[in-house]
Amino acid sequence: MTTTVIRNADLVVAWDASAQQHIYLPDADVAFTGGAISFVGRGYTGEAEEEISGSGLMVMPGLVNIHSHPSSEPMNKGLIDEIGSPGLYNSSLYEFMPIFRADSEAVPSCVRVALSELLLSGVTTVADLSMAHPGWMDLLAESGMRVCIAPMFKSAKWFTKNGHVVEYEWDEAAGEKAMGEALSLIERAEQHESGRLFGMVVPAQIDTCTDTLLKESFQEAEKRGVSWQIHAAQSVVEFHEITRRTGKTPIGWLDSMGLLSERSIIGHGIFLDDHPSTKWWTDSDMGRLAETGTTVAHCPTVFARRGITLKHFGRYKRAGVNMGLGTDTYPHNMLDEMRLVAYLARTQANDPRSMTTTELFDAATIGGAKALGREDIGRLAPGMRADFVLVDVTHPMMRPGRDPVRSLVYAAGDRAVRDVYVDGNKVVADGKVTTMDYHGAAAHLHEAQKRIVEKAPSQDWAHRPVDVSSPPTFRWS
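Residues numbered from 1 in each chain as written. Predicted model: local features only at pLDDT ≥ 70, side-chain atom pairs only at ≥ 80, totals over all residues. Heavy atoms only, no water.

(A) Highlighting the pairing of strand 18 (residues 425-429). Across 3 bridges, strand 17 (residues 417-422) lies against strand 18 in antiparallel orientation. By the bridge assignment for strand 18, valine 422 is matched with asparagine 425. Taken together, strand 17 and the strand that follows it, strand 18, pair antiparallel across an intervening segment of 2 residues, in which aspartate 423 is found at a positive phi of about 55°. Here 2 bridges tie strand 18 to strand 19 (residues 432-433), and the two strands are oriented antiparallel to one another. When the sheet's bridge partners are listed, valine 428 is paired in strand 19 with valine 433. From the end of strand 18 to the start of strand 19, which pair antiparallel, there are 2 residues, and aspartate 430 there has a positive phi angle of about 50°. (Pairing = 2+ DSSP bridges. Helix = DSSP H or I, 4+ residues; strand = E, 2+ residues; numbered from the N terminus.)

Here's what the structure looks like:
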């Protein structure tokens, strides 16, 4: 096996095993062999068939994204940026998102666009929460990324006939069948020749699944030793629906069924029992999350567009909740998402000390790795997978460079990401994706959106032209 060494990097974000934290290590080397890191430190003296000059570079662990929807979200750009249903607490889930879904021809381009954007922003591992589609696994493997395949299944679909009432169409047998198919896909993913795919069990939403499906899916995740994720506490509508059905909050109901654990991930987890928009008579949801070791997948952008936000990242961390990050929507830019996490947390807390960049970076690396049950990613140390990012610390937006991670997150963003490696293979070179045709996929998606827009009024309960349901920034003349 070939050994490569990055020699004399200006800086390495290394892992201090004794302190269990990331540290800045200047003037250091990183060596990797056969897809695994073999050395992190100063003065590497081992053999190396290839050397990379680390001059002007920061080597940092690849980012871990635990919640993303690559097969659908890129299609929504320019359509749902500013719309939500006023009669449904400004959510766009029920009235608008269903009418702009990508068709089968557009899905591969959606995936290529999303994964390219993730790679360019330093993500090396992503959880892909999608409905199964043809060629899914080969498409994910094509990207060169490490991907947690997370096929969603459910017992019901939601819809609205008037823009202010959500209804559910139930088919429990279909939900059971879809779960079986999802489990089969997870098994196939873990046997994929790329060696970079693994699985997660995902009942889609708490309000679209029966209690039987939830419990059975959790048991299957336990049996397979994989993580289990569900969208929950993600909308006011959902919160009220679950309290109406069960007399418990979404988090309380999951806990009552024994579904909160160290292998559990709550997609969004915004509307707890003490959230101002859903204030309930209990005050125990946060404690339940912390005591059970449950992870919250925090994805602020999609909610911020509608004036909705978690209350707040620092509060969850202080309570002891494991936090991971995701890009639930476009752009699939993890560094942009991290910046917004910090700004919203501080504004919601009215306190710039409510969270630190250390906690933010941890959520994007080791917090996500923990949620996915992976002890071999999210940090740079011998024995870890060779998933890392080379950041150009000489980029003007990285200067001055007193604290390079802060400069990356709050200023330079993906503009300073030079190269990205997964399993020791270069997948981004000089700021360009090497594994997929990003530009070609984006062009194809541009044309595909025209078809979606043309069909959208027929999918809309009110049959509105798209320029009415989603008015453009300026009138087309």
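(B) Expanded view of helix 5 (residues 236-246). When helix 5 is considered as a whole, its buried residues turn out to be Val236, Val237, Glu238, Phe239, Glu241, Ile242 and Thr243. For helix 5, the secondary structure elements touched by its buried residues are strand 10 (166-170), strand 12 (227-232) and helix 6 (250-256). Two residues or fewer past helix 5, glycine 247 is found with a positive phi of approximately 75°. (Buried < 20%, exposed > 50% of the residue type's maximum accessible area, 1.4 Å probe, protein only. Contact = heavy atoms within 4.5 Å.)

(C) A look at a negative patch on the surface. A cluster of acidic residues, Glu169, Asp171, Glu172, Glu176 and Asp211, forms a negative patch at the surface. Mapped onto the fold, aspartate 171 is located in the loop between strand 10 and helix 3 (172-190). Given the relative accessible area of 42%, aspartate 171 is considered partly exposed. (Patch = residues over 30% accessible without salt bridge, like charges linked within 9 Å, V, L, I, M, F, W, Y side chains within 5 Å. Areas by Shrake-Rupley, 256 points an atom, 1.4 Å probe, with all protein chains shown as cover. Salt bridge = Lys/Arg side-chain N within 4 Å of Asp/Glu carboxyl O. Lys, Arg positive; Asp, Glu negative; His and termini not counted. Charge placed at Lys NZ, Arg CZ, Asp CG, Glu CD.)

(D) Fine view of the sheet that holds strand 14 (residues 295-298). Taken in spatial order, the 8 strands close into a barrel running 6-7-8-11-12-13-14-15, and their pairing is parallel. Ignoring strand direction, the axes of neighbouring strands in this sheet form an average angle of 30°. In this fold helix 1 (residues 107-120) packs onto strand 6 (63-68), strand 7 (123-130) and strand 15 (322-327), with an angle of close to 150° to the strand it touches most, strand 7. (Axes fitted to C-alpha atoms, helices over the stretch in contact; angles between N-to-C directions.)

(E) Highlighting the pattern of salt bridges. The final tally for this structure, using the stated rule, is 26 salt bridges. Glutamate 51 is the salt-bridge partner of arginine 7, the closest N and O atoms lying 2.7 Å from each other. Of this pair, arginine 7 sits in strand 1 (residues 3-16) while glutamate 51 sits in strand 4 (residues 50-53), and the two are 44 residues apart along the sequence. What you see here is one network of salt bridges that share partners, running through Arg146, Arg385, Asp387 and Asp423.

(F) Inspection of the pairing of strand 16 (residues 388-392) at higher detail. When you tally the buried positions in strand 16, you get 4 out of 5 residues, the bulk of the element. Both strand 5 (residues 57-61) and strand 16 contribute to a ladder of 5 bridges, which runs antiparallel. Note on strand 16: the bridge partner recorded for methionine 58 is valine 391.

(G) Geometry of the nonpolar core. Of all hydrophobic cores here, the largest spans 119 residues; its most connected members are Leu254 and Met338. In terms of residues, this core owes the most to one element, helix 1, which gives 8 residues. Residues within four places of leucine 254 in sequence aside, it is in contact with Ile206, Leu214, Trp228, Ile230, Ala232, Leu259, Leu260 and Ile266. Core analysis: the second largest hydrophobic core is formed by 22 residues, Ala9, Val30, Leu57 and Val59 among them. (Core = buried A, V, L, I, M, F, W, Y, C linked by side-chain atoms within 4.5 Å.)

(H) Representation of the environment of tryptophan 253 in the model. Examined against the element boundaries, tryptophan 253 turns out to sit in helix 6. On the basis of relative accessible area, tryptophan 253 is assigned to the buried category, the value being 13%. Sequence-wise, tryptophan 253 and threonine 210 are 43 residues apart; in three dimensions their C-alpha atoms are separated by 12 Å. Excluding residues within four positions of it along the chain, tryptophan 253 makes contact with Ile206, Cys209, Asp211, Leu214, Ile242, Thr246 and Lys248.

(I) Just the packing of helix 1 against helix 13 (residues 438-459), in detail. Relative orientation of the contacting elements helix 1 and helix 13 amounts to 135°, with a least axis distance of 8 Å. Our classification of the angle between helix 1 and helix 13 gives oblique. The way helix 1 lies across helix 13 gives a crossing that is left-handed. Counted together, Ser109, Cys110, Arg112, Val113, Ser116, Glu117 and Leu120 of helix 1 and Tyr438, Ala441, Ala442, His444 and Leu445 of helix 13 form the full contact between these two elements. For the contact of helix 1 with helix 13, the per-class residue count stands at 7 nonpolar, 3 polar and 2 charged. (Parallel < 35°, antiparallel > 145°, perpendicular 65-115°, else oblique. Left-handed = near helix turned anticlockwise from the far one by under 90°. Nonpolar A, V, L, I, M, F, W, Y, C, P; charged D, E, K, R; others polar.)

(J) Main features of helix 1. Its 14 residues place the ends of helix 1 20 Å apart at the C-alpha level, agreeing with the 20 Å of an ideal helix rising 1.5 Å per residue. With respect to burial, helix 1 is a largely interior element, 12 of its 14 residues being buried. Of all the residues in helix 1, the buried ones are Val107, Ser109, Cys110, Val111, Val113, Ala114, Leu115, Ser116, Glu117, Leu118, Leu119 and Leu120. Phi turns positive one or two residues past the end of helix 1, at glycine 122, with a value near 90°. (Expected span 1.5 Å × (residues − 1).)

(K) Quick look at the packing of aromatic side chains. If you walk through the whole model with that rule in mind, you get 9 aromatic pairs. Pairing tyrosine 343 with tyrosine 410 gives two aromatic rings, centres 5.9 Å apart and planes at 25°, and the pair type is stacked. Of this pair, tyrosine 343 sits in helix 10 (residues 334-349) while tyrosine 410 sits in helix 12 (residues 404-412), and the two are 67 residues apart along the sequence. Within the aromatic cluster, the residues linked to one another by ring pairs are Phe32, Phe388 and Tyr421. (Phe/Tyr/Trp six-rings, centres within 6.5 Å; stacked < 30°, edge-to-face > 60°.)

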